[in-house]
Every structure is written in C-alpha cells, then in structure tokens.
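# Observations on the model geometry
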Amino acid sequence: MSATAATPDDLSHSDHAHEHPKQSFLWKYIFSTDHKIIGLQYGITSLLFLLVGFFLMMVMRWSIAFPGKPLPLIGTIIGDNWAPGGVVSPDLYNMFGAMHGTIMVFLGVVPLGFAAFGNYVVPLQIGAVDMAFPKLNAWSFWLFLIGGVMMLASFFMPTGSAQVGWTNYSPLATTVQYLDVKNIFFTGQTQWLLSMIFIISSSLLGAVNFVTTILNVRCRGMTWMRMPFFVWAMLVTGFLLLLAFPPLEVAAILQLFDRVFGSSFFLPTGLVEGGRHLDIAGGGSPLLYQHLFWFLGHPEVYVLILPAISIVAEIIPCHVRRPLWGHKTMIYAVLVLGFLSFIVWAHHMYLTGMGTVVSTFFQITTVLISVPSVILLTCLMITLWGGSIRFNSAMLFACAFLPMFGIGGLTGLPLAFNMIDLYLHDTYYVIGHFHYVVAPGSLFALFAGIYHWYPKMAGRFMNETLGRIHFWPSLVFMNLLFGPMMIQGMAGFHRRWYDGGMAFEETTKSFLWMNELMSFAAWGLALAQIPFIFNVFYSIKHGKKVTSDNPWQATTMEWDTPTPPGHGNFLHEPVAYRQPYEYSVTGAEEDYQPQFLPDGAKPEDKLTHAGH
C-alpha cells in the first residue's frame with residue numbers, strides 16, 4: 001500500500017531541500033515553524049515547568065516531615081501572608097498541592113513526552129520534511145506557553161493560586177475565593193481555568209497535527225506495519241487527546257461561567273459560603289463536573305505513559321541488537337488500550353454513590369485494560385532475552401522503566417474494585433500508585449529518550465559518567481520516596497494532610513517516621529538531577545562528537561538524516577524498504593539492516609553528514 005499522500009511538489013525531498021533564506025535568530029529559534037525547533041522549545045519549556053513543580057513538592061514535603069517548623073528562606077520568598085514566620089500554612093500547602101499536580105501533568109510530562117519527542121522524532125521516522133501544518137504547530141506551542149505563564153502568574157494574585165486540588169472539583173472550586181476580592185476574575189482559581197483553556201486548546205491543535213501528519217505525510221514505502229511503534233503510539237495518543245480533552249475544556253468553560261457570570265452548571269441549590277447563602281440559581285450537578293473531568297482524566301494517564309512506553313520500545317531493540325519482539329502484537333495492544341481507556345473513567349468515582357451495576361461494569365473494564373498494558377510490558381521484557389545489551393545511560397533508564405511501571409500497574413489493580421477503593425480512596429496508596437506510573441515510569445523513559453536522541457539533536461554524546469551518576473541515585477531515591485506511600489496509605493494516611501498526620505498522632509504514630517524518610521528522599525532526588533542538568537548543557541560543546549549520522553547503528557528513518565537534521569530533514573527522497581527493527585537478521589552480513597537502505601546495500605555505503 002502506498003503511504004504517500006503528499007505530492008513531490010508539496011514536500012520535496014530533493015538535494016536542494018536544505019537551501020532556504022538565512023533567517024534571523026528570532027525567526028529561526030523563537031518564532032520557528034520547523035518541527036525540530038518546536039520540539040526543542042517544548043522540551044526546554046516543559047523541563048523548566050517540571051523543575052517548578054518539583055520545587056513545590058519539596059516545600060510540601062517539608063511541611064509533612066516537620067509540621068509547624070519554619071522552612072529557611074521560605075518566609076522571605078513567599079511572605080508572612082502564606083508562610084507566617086517561615087512556617088508553611090495549610091492554605092499554602094493546598095495551593096502548592098493543586099499547582100504541583102497541574103504543572104507536572106499538564107505543563108511537564110505531557111508536553112515533554114508527546115509534544116517535544118513527538119514533534120522532533122515523528123516526522124523523521126516517517127520520512128516527512130515537517131509536520132502537516134507547520135504554522136498550526138507553532139500556534140500550539142505558543143498557546144501552551146501562554147497558558148503556562150498565566151498558571152505561574154496566578155501565584156501573584158492577591159488570593160494566591162488555585163488551592164482545591166489539581167482536579168478542581170465543583171462546588172468548592174467554584175465558590176473558593178468567592179468573597180476574597182471585588183472582581184472574581186482576578187483570583188487564582190479563575191486564572192487556573194483560563195490557563196487550562198489555553199493549555200487544552202494547545203493540545204487539541206497538536207493532536208490534529210499529529211494525526212494528520214501520520215496519516216497523510218508518510219514517505220514512499222512507509223506502510224502501516226513499517227511504521228515504528230513510537231509512531232503508532234503517538235497516533236493513538238493524538239486520538240486520545242483529540243477525543244478526551246474537549247470534555248475537560250467544556251468543563252473549564254462552564255465552571256468559569258459559574259464563577260464569573262453567575263450560572264449554575266455545577267452548583268446545587270442551597271450553597272453557603274462565608275457564612276451566608278450564595279445568590280445563585282442552583283440546580284446544577286457537581287457530579288457532572290467529575291464525569292467531564294475523569295472522562296479526560298483516565299485517557300490522560302495513557303497520554304502520560306504511551307509516549308514513555310514507545311520511547312523504551314525504540315531504545316531496547318537498538319541497544320539489545322534484537323528485533324522488537326511482538327511488534328504487531330504491540331500495535332494491536334496499543335489500539336485496544338486506547339479504546340478501553342475511554343470506558344474506565346468512573347473507577348475514580350466509586351465513592352459518589354454509584355450503583356452496583358454501573359460499578360461492576362467499570363470494575364470489569366478497569367481489569368481488562370491491564371491486559372494490553374501487560375502485553376506491552378511483556379513484549380519489551382522478552383526483547384531483552386538473549387540480547388547483546390549495551391548498558392549505557394539510555395539503556396539503564398529504559399531497563400529501570402520496566403519494573404517501575406510494573407509496580408505502578410500492579411498497585412493499581414486493587415483500586416479497580418470498589419470494595420477496596422472504599423478504604424484506599426484519597427489515601428497515600430493512590431499517590432504512591434500514580435507516582436510509580438508517572439515518575440519512575442514516565443520520567444525514566446523520558447530521560448532515556450533524551451540520552452538516546454541527544455546525539456542526533458546536538459551531534460555529540462552526553463557524558464556517560466554523569467549519566468550513571470544521574471541514574472543510580474534517582475533509582476534509589478524514587479523508591480524511597482514512593483514505596484513507603486503504599487504502607488502509609490494502607491494505614492489510612494490521607495493524601496491532603498498538610499501536617500503529615502500529626503493531628504491524628506494516636507492512630508498514625510507508628511508510621512509518622514516515614515514522613516521524614518520520604519522527604520529526605522525527595523530532596524536527595526532533587527540533588528540527583530543536578531548531574532543531568534549539567535550534562536545537558538556541558539555536552540552541547542564538550543560532549544564526544546559523533547562520527548556518523550547513525551552513531552547507535554539503529555534501523556529507523558531518523559538516522560538517515562544529517563546530524564543535526566537541517567531544514568527539510570533529508571538530503572534525498574527517503575524510502576522505507578523494510579520493517580523498522582531488523583537487528584541480527586539470520587543470514588545478513590551486518591548486525592542491522594536500516595529501513596532506509598535498499599536490499600543488497602550495506603550500512604557503510606551511506607554517506608556521512610555528521611557535523612553539517
């Protein structure tokens with residue numbers, strides 16, 4: 001089947017594809033429409049947001065470990081209004097909790113995994129010169145940046161930022177800060193909603209672009225089953241965003257109307273705020289907001305994890321020198337997983353008075369969705385068997401992803417059942433489960449991706465010694481941070497206790513010591529990221545230079561481009577001649593057979609353009 005929907009006139013891959021007018025720094029790196037620059041913009045911005053979110057968490061961990069004790073410098077930075085005498089107040093803890101979740105999910109992990117890696121790698125892997133809609137791609141980034149800046153600016157509102165959790169449930173989210181200022185528009189809670197509208201709109205534009213690009217702009221020979229698993233995962237992720245984000249955007253707009261214009265979409269009759277009844281029409285449904293939020297919320301989990309799994313699926317075959325085991329099976333599994341992710345959302349809502357028939361349905365679908373996840377994990381683990389493994393930094397993080405994601409998935413299975421969720425809901429068990437999926441799960445895979453594709457982006461390798469110094473402490477501290485949460489959760493520790501359970505010392509004292517352990521682990525994890533940050537910048541100028549466009553001896557199409565890729569990506573028309581993971585093929589002369597080389601050609605026949 002031919003996969004070339006674009007004509008040669010539209011997307012020329014000729015030798016002149018790199019000839020273009022010289023651009024100023026502003027238009028080349030700031031207002032660029034080149035997918036690679038936009039990918040780097042997303043990557044740098046989302047890493048900065050991750051640092052902000054991590055800082056908020058470290059302040060929260062101080063409050064949990066040492067409640068009532070002043071945190072050095074925090075009073076000077078934040079002021080006595082929110083941290084009197086340097087002590088983290090309950091209101092400040094609530095703000096940081098709500099913003100930590102929002103920033104890490106919507107401004108950190110999702111844009112890094114989907115937008116940054118997807119923008120940079122997908123067009124290269126399918127042999128395209130750019131995304132289908134370059135200007136739409138730029139708009140997507142700028143809407144994301146505007147939303148992120150607005151989110152951070154809400155900290156400086158007189159009311160402070162949003163403070164009712166990253167889920168922003170009505171009616172509390174609608175009525176909080178209601179009487180604090182004369183203009184409800186200038187409150188942190190309202191700014192959260194406006195920011196989310198920008199961020200969601202950005203994701204929708206990006207999703208449309210990814211789906212259109214993958215469906216229509218593949219190079220000659222790039223049939224469906226010749227697409228790398230990374231591209232398949234990005235296609236499914238694009239559909240998840242496209243179908244799941246509109247309900248949340250609608251929910252944000254309706255909640256904004258409830259706050260600013262006095263409507264009652266989510267407000268029931270008889271609400272009291274500040275000691276008086278609110279002058280509202282009433283009759284709204286708070287449960288409606290929860291349904292709209294979680295209809296996005298659970299597909300969002302797979303928006304977080306699918307890019308991570310697909311990055312690992314690119315790294316493991318390359319550094320094990322074996323084909324990806326069950327490539328087609330993984331494709332079918334990710335398609336089933338994408339479908340099932342839309343019919344499990346209400347397992348987050350067992351405590352809302354759900355009937356037994358409906359809860360049984362969602363229990364069944366929640367258990368079912370673990371099956372394709374296990375298939376993906378199993379295929380990756382079998383790929384390791386009998387391989388000649390290169391244990392470089394990328395491979396260390398990729399291998400660590402497998403058990404960490406496995407722990408996250410297995411600890412989620414008990415929560416599928418309403419009789420267990422009744423006790424574990426809103427405890428630290430849920431926090432531990434979710435963070436095992438997203439932190440040592442998704443983030444480890446994203447680190448692996450940076451180490452793996454950095455030579456293609458920069459033309460130099462990252463320092464391996466610094467990579468190992470980054471990996472081992474991160475692995476240890478991640479488990480010391482999130483492992484004890486499971487124990488505390490089963491002991492009944494609530495996820496939103498600002499004092500870590502000290503107020504209930506008679507029932508929690510046996511496990512309070514874990515608060516300090518986890519907090520020191522969190523601060524140690526922060527220190528473990530310093531070698532990585534230094535490595536990223538140091539290696540730009542001082543890293544070991546690549547001597548080939550394909551330094552890892554990989555098989556997919558992105559390694560056929562110059563290093564780093566220029567405008568137009570390819571120096572010739574790319575053609576996909578074979579499957580994406582042909583390593584150690586029986587009877588072949590070489591260890592690997594790249595997609596971009598015709599039968600009979602050898603990898604060394606390809607011209608080297610490194611450093612151009």
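Residues numbered from 1 in each chain as written. Predicted model: local features only at pLDDT ≥ 70, side-chain atom pairs only at ≥ 80, totals over all residues. Heavy atoms only, no water.

Attention now moves to the overall build of the chain. Regarding its fold elements, the chain presents 19 helices and 2 strands. Contacts in the chain between residues far apart in sequence, at least 24 positions, make up 79% of those at least 6 positions apart. When the accessible surface of the chain is split by element, carbon and sulfur atoms take 68% of a total near 24,600 Å². Seen as two clouds, the 28 positive and the 33 negative side-chain charges of the chain have centres 5 Å apart. (Helix = DSSP H or I, 4+ residues; strand = E, 2+ residues; numbered from the N terminus. Contact = heavy atoms within 4.5 Å. Areas by Shrake-Rupley, 256 points an atom, 1.4 Å probe, with all protein chains shown as cover. Lys, Arg positive; Asp, Glu negative; His and termini not counted. Charge placed at Lys NZ, Arg CZ, Asp CG, Glu CD.)

Here we come to a nonpolar patch on the surface. Residues Leu-40, Ile-44, Leu-48, Leu-51, Ile-533, Phe-537 and Ile-540 make up a contiguous nonpolar surface patch of roughly 670 Å² in combined accessible area. Elements with a minimum of two residues in the nonpolar patch: helix 2 (35–65) and helix 19 (530–542). Assignment of secondary structure puts Ile-540 in helix 19. (Patch = residues over 30% accessible without salt bridge, like charges linked within 9 Å, V, L, I, M, F, W, Y side chains within 5 Å. Salt bridge = Lys/Arg side-chain N within 4 Å of Asp/Glu carboxyl O.)

A word on the state of the cysteines. Here the structure, examined in full by the defined rule, presents 0 disulfides. With no disulfide of its own, Cys-318 lies 13 Å from the sulfur of Cys-399, the closest cysteine sulfur. (Disulfide = S-S within 2.5 Å.)

In this section: unusual backbone geometry. Following Ser-170, the chain continues to Pro-171 via a peptide bond in cis, the omega torsion being 5°. Mapped onto the elements of the fold, Pro-171 is located in the loop between helix 5 (134–153) and helix 6 (172–175). Residue Pro-564 follows Thr-563 across a cis peptide bond; omega there is -10°. Residue position: Pro-564 is located in the segment after helix 19. Unusually for a residue other than glycine, Arg-321 sits at a positive phi of about 65°. For Arg-321, the location among the structural elements is in the loop between helix 9 (286–320) and helix 10 (327–340). Of note, the phi angle at Asp-426 is positive, near 65°, even though the residue is not glycine.

Side chains that carry opposite charge are capable of pairing whenever their charged atoms lie near each other. On inspection of all chains with the given rule, the structure shows 8 salt bridges. The residue Asp-591 makes a salt bridge to Arg-321 at a minimum N-O spacing of 2.6 Å. In this pair, Asp-591 sits in the segment after helix 19 while Arg-321 sits in the loop between helix 9 and helix 10, placing the two residues 270 residues apart along the sequence. Here Asp-426 makes a salt bridge to Arg-496, at a shortest N to O gap of 3.8 Å. Of this pair, Asp-426 sits in the loop between helix 14 (418–424) and helix 15 (428–458) while Arg-496 sits in the loop between helix 16 (464–490) and helix 17 (505–508), and the two are 70 residues apart along the sequence. A relative accessible area of 36% places Arg-496 in the partly exposed class. (Buried < 20%, exposed > 50% of the residue type's maximum accessible area, 1.4 Å probe, protein only.)

Okay, the environment of Gly-160 next. Tracing the backbone shows Gly-160 in the loop between helix 5 and helix 6. Residues Gly-160 and Asp-91, spaced 69 residues apart in sequence, show a C-alpha to C-alpha distance of 9.1 Å.

Counted according to the given criterion, the structure contains 46 aromatic pairs. Note on Phe-141 and Trp-142: the rings are 5.3 Å apart at their centroids and 75° apart in plane angle, and the pair reads as edge-to-face. Taking the relative accessible area as the measure of exposure, Phe-141 reaches 4% and is therefore buried. Since its relative accessible area comes to 26%, Trp-142 is described here as partly exposed. Put simply, the rings of Phe-106, Trp-166, Tyr-169, Phe-245, Phe-266, Tyr-289, Phe-293 and Trp-294 pair up and form one aromatic cluster. One cation-aromatic arrangement involves Arg-218 over Trp-224; the distance from NZ or CZ to the ring centre is 4.4 Å. (Phe/Tyr/Trp six-rings, centres within 6.5 Å; stacked < 30°, edge-to-face > 60°. Lys NZ or Arg CZ within 6 Å of the ring centre and 35° of its normal.)

Among the secondary structure elements, Asn-119 is positioned in helix 4 (residues 90–125). Taking the C-alpha atoms as reference points, Asn-119 and Asp-130, 11 residues apart in sequence, are found 8.9 Å from one another. Excluding its chain neighbours within four sequence positions, the residues that come into contact with Asn-119 are His-35, Ile-38, Gly-39, Tyr-42, Phe-114, Met-131, Asn-137 and Phe-210. Within the structure, Asn-119 has its side chain in polar contact with the backbone oxygen of Ala-115 (distance 2.8 Å). (Polar contact = N/O pair within 3.5 Å; in protein donor to acceptor, adjacent residues only side chain to side chain.)

The subject of this paragraph is the packing of helix 9 against helix 12 (residues 370–384). Orientation of helix 9 relative to helix 12, taken along the N-to-C sense of each, is 15°, at an axis distance of 9 Å. Between helix 9 and helix 12, the interaxial angle falls into the category roughly parallel. Crossing of helix 9 over helix 12 shows left-handed handedness. Counted together, Tyr-302, Ile-309, Val-312, Ala-313, Ile-316, Pro-317 and Val-320 of helix 9 and Ser-373, Leu-376, Leu-380, Thr-383 and Leu-384 of helix 12 form the full contact between these two elements. For the contact of helix 9 with helix 12, the class distribution of residues is 10 nonpolar, 2 polar and no charged. (Axes fitted to C-alpha atoms, helices over the stretch in contact; angles between N-to-C directions. Parallel < 35°, antiparallel > 145°, perpendicular 65-115°, else oblique. Left-handed = near helix turned anticlockwise from the far one by under 90°. Nonpolar A, V, L, I, M, F, W, Y, C, P; charged D, E, K, R; others polar.)

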